[in-house]
Amino acid sequence: ESLDFLARSMRAGHAFSISLEMIGEEMADPLGQEYRTLFNEQNLGAPLDIALRNFTERVPLLDVRFFTSSVLLQKQTGGNLSEILARLAYVIRERFRLKGQVKAASAHGRMTATILTVLPVATMLLLLAIAPGYLQGMANDPTGKILIGCAIGAQLLGNFFIKKIINIKV
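Just so it is clear, the structure is predicted and the values come from calculations on it, not from any experiment. (Residues numbered from 1 in each chain as written. Predicted model: local features only at pLDDT ≥ 70, side-chain atom pairs only at ≥ 80, totals over all residues. Heavy atoms only, no water.)

## What to know about the overall build of the chain
Check the secondary structure of the chain and you find nine helices and zero strands. N-terminal to C-terminal, the α/β element order of the chain is α-α-α-α-α-α-α-α-α. The proportion of buried residues among the 170 residues of the chain is 28%. In the chain, the share of contacts with a sequence separation of at least 24, taken over all contacts with a separation of at least 6, comes to 43%. Surface summary for the chain: the accessible area is close to 11200 Å², and the carbon and sulfur share equals 65%. Charge-centre separation for the chain: the mean point of 18 positive side chains lies 10 Å from the mean point of 14 negative side chains. (Helix = DSSP H or I, 4+ residues; strand = E, 2+ residues; numbered from the N terminus. Buried < 20%, exposed > 50% of the residue type's maximum accessible area, 1.4 Å probe, protein only. Contact = heavy atoms within 4.5 Å. Areas by Shrake-Rupley, 256 points an atom, 1.4 Å probe, with all protein chains shown as cover. Lys, Arg positive; Asp, Glu negative; His and termini not counted. Charge placed at Lys NZ, Arg CZ, Asp CG, Glu CD.)

## So, the environment of Ile-148
The residue Ile-148 is located in helix H9 (residues 142–166) in this model. With relative accessibility at 33%, the residue Ile-148 sits in the partly exposed group. As a C-alpha pair, Ile-148 and Glu-25 span 123 residues in sequence and 62 Å in three-dimensional space. Ignoring anything within four residues of it in the chain, the contact list for Ile-148 reads Met-138 and Ala-139.

## Things to note about the packing of helix H7 (residues 107–130) against H9
Where H7 meets H9, the closest approach of the two axes is 9 Å, and the angle between their N-to-C directions is 175°. With respect to H9, the axis of H7 lies roughly antiparallel. Between H7 and H9, the contacting residues are Gly-109, Arg-110, Ala-113, Leu-116, Thr-117 and Pro-120 on the first element and Gln-155, Asn-159, Ile-162 and Ile-166 on the second. Looking at the contact of H7 with H9 residue by residue, the class counts come to five nonpolar, four polar and one charged. (Axes fitted to C-alpha atoms, helices over the stretch in contact; angles between N-to-C directions. Parallel < 35°, antiparallel > 145°, perpendicular 65-115°, else oblique. Nonpolar A, V, L, I, M, F, W, Y, C, P; charged D, E, K, R; others polar.)

## Focus: the packing of aromatic side chains
Throughout the structure, instances matching the rule amount to four aromatic pairs. Here Tyr-35 and Phe-55 contribute two aromatic rings whose centre-to-centre distance is 5.3 Å and whose plane-to-plane angle is 40°, an arrangement assigned as tilted. Of this pair, Tyr-35 sits in helix H3 (residues 31–43) while Phe-55 sits in helix H4 (residues 48–58), placing them 20 residues apart in sequence. Judged by its relative accessible area of 3%, Tyr-35 is buried. In this structure Phe-55 comes out as buried when scored by relative accessible area, which is 1%. Here Tyr-35 and Phe-67 contribute two aromatic rings whose centre-to-centre distance is 6.3 Å and whose plane-to-plane angle is 75°, an arrangement assigned as edge-to-face. Highlighted residues: Tyr-35 in helix H3 and Phe-67 in helix H5 (residues 62–77), separated in sequence by 32 residues. Residue Phe-67 is classed as buried on the basis of its relative accessible area of 2%. (Phe/Tyr/Trp six-rings, centres within 6.5 Å; stacked < 30°, edge-to-face > 60°.)

## Overview of the side chain of Gln-74
With respect to the helices, strands and loops of the structure, Gln-74 is situated in helix H5. Classification of Gln-74 as buried rests on a relative accessible area of 17%. When residues no more than four places from it in sequence are discounted, the contact partners of Gln-74 are Gly-79, Leu-81 and Ile-84.

Interpretation in functional terms is not warranted from these geometric data alone.
This is the structure in structure tokens:
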């Protein structure tokens, strides 16, 4: 949203620094405050690359790094900054949309992992409540203790692998 505002402001004929001031006034905090700080640093004489680097350090987001890199690259090579910022806003919006789609697609896997983790524990607790002596023999037997330990280990290992499978990086 802020990049679109910045691009529209520059398309309307405002300079980059004036657009930063306007976005600082128009955007809600905390983002508006960060843009005001960026404008003030630049307005008080800090070079743009240093002011943008400070902005990136204060707001450690990947999208802010994209913004900073785009502005600095445009400054060195030239080009239409408003067009670059508009396209960057589109890319960021699409990235968020893709993240939502991945989250929705992996919801079934997350639900399966939860059920497969909770079901054995719930079954054991239910058996302890209904027939307390049923599992007592297994807990007292040395081989039973090994089997219980292996079951717990297999459960944790299975949960680990399911989490690895459904954790998709975007």
